[in-house]
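Residue-level structural notes
Okay, here's what each chain looks like letter by letter:
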Amino acid sequence: MQMIPLIFYPLTIICIDDNPEILEILKKNLGNNFRLITYESAYLALKEIKSTNKFLNKYLNNIFSKENKDNLDLQLNIKIAQISKITMLEERYKEICIVISDYRMSELDGIELFKNISGLGFKKILLTEHQDYQKVMNAFNARTIDLFLLKSTENIVAELTENIKNLMKIGRAHVWT
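Residues numbered from 1 in each chain as written. Predicted model: local features only at pLDDT ≥ 70, side-chain atom pairs only at ≥ 80, totals over all residues. Heavy atoms only, no water.

**Observations concerning the sheet that holds strand 2 (residues 12-16)**
Spatially, 5 strands are ordered 3-2-6-7-8 in an open sheet, and the strand pairing comes out parallel. Every other strand in the sheet has two partners, leaving strand 3 (35-39) and strand 8 (147-150) as the edge strands with one partner each. Between one strand axis and the next, the sheet turns by 20° as a mean value, whatever way the strands run. In this sheet, strand 6 (residues 96-102) lies alongside strand 2 in parallel orientation, the contact comprising 5 bridges. (Pairing = 2+ DSSP bridges. Helix = DSSP H or I, 4+ residues; strand = E, 2+ residues; numbered from the N terminus. Axes fitted to C-alpha atoms, helices over the stretch in contact; angles between N-to-C directions.)

**Some words on the confidence of the model for the chain**
Confidence in the prediction of the chain, expressed as mean pLDDT, is 78, and 68% of residues score 70 or more. Model confidence for the chain, summarised as mean pLDDT per element, is weakest for strand 9 (residues 175-176) at 31 and strongest for helix 5 (residues 110-116) at 94. Low confidence marks residues 172-177, where pLDDT is under 50. Its contacts with residues over four positions away, or in another chain, come to 28 contacts. (pLDDT = per-residue confidence, 0-100. Contact = heavy atoms within 4.5 Å.)

**So, unusual backbone geometry**
For R143, which is not glycine, the phi torsion reads 65° and is therefore positive. With respect to the helices and strands, the residue R143 is situated in the loop between helix 6 (133-141) and strand 8. Here N155, not a glycine, exhibits a phi torsion of approximately 55°, which is positive.

**With respect to the pairing of strand 6**
Taken across its 7 residues, strand 6 has 7 buried, putting it largely inside the fold. Crossover strand 6 to strand 7 (residues 123-128) through helix 5 is right-handed. (Buried < 20%, exposed > 50% of the residue type's maximum accessible area, 1.4 Å probe, protein only. Right-handed = clockwise from strand over helix to strand, strands pointing away.)

**What to know about the nonpolar core**
By size, the foremost hydrophobic cluster in this structure holds 22 residues, and its most contacted members are I16, I49, V99 and L126. Secondary-structure elements contributing two or more residues to this core are strand 2, helix 2 (42-51), strand 6, helix 5 and helix 6. Here this core takes 4 residues from helix 2, the largest share from any one element. Those residues in contact with L126, other than ones at most four positions away along the chain, are S101, D102, Y103, G110, I111, F114, V136, I145, L147, F148 and L149. Ranked by size, the runner-up nonpolar core spans 20 residues in total, among them L26, L127, I164 and L167. (Core = buried A, V, L, I, M, F, W, Y, C linked by side-chain atoms within 4.5 Å.)

As structure tokens, then:
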């Protein structure tokens, strides 16, 4: 089945780590491919994430309406004027797609951070060490996080880039199929 994008809008990735050197590495290696916003403070990031207006929830729900006829045919009505309106809004640049967080931070650990922002509609990636493996696996199995990467992974930036692209495809892809 061919997928045709209905709307393109830039998506934002939030990176949280209390180590500024890690954030610089992420900016240097991911900043050319993605729109990144970085935070050294988990609490500040949490405050900003929660205050961000959810662009898609606000506008895309007004674009589409579905009607089920006899459970056989699905009729999709698209409001073109609403799509046009979206393309003019600067708010679209603030839409968060993925949040990447370190597990071990001084203020708030990454799993607790993600528990605080669950249900907001974006994907969550946790960066961790080997010694945290069981806690991280429990968080993954509980669907608190969508993906985790060990910091010791060889070529972690390439691995992270590939996983971000995959999560963007499945996480926030609004397409006509």
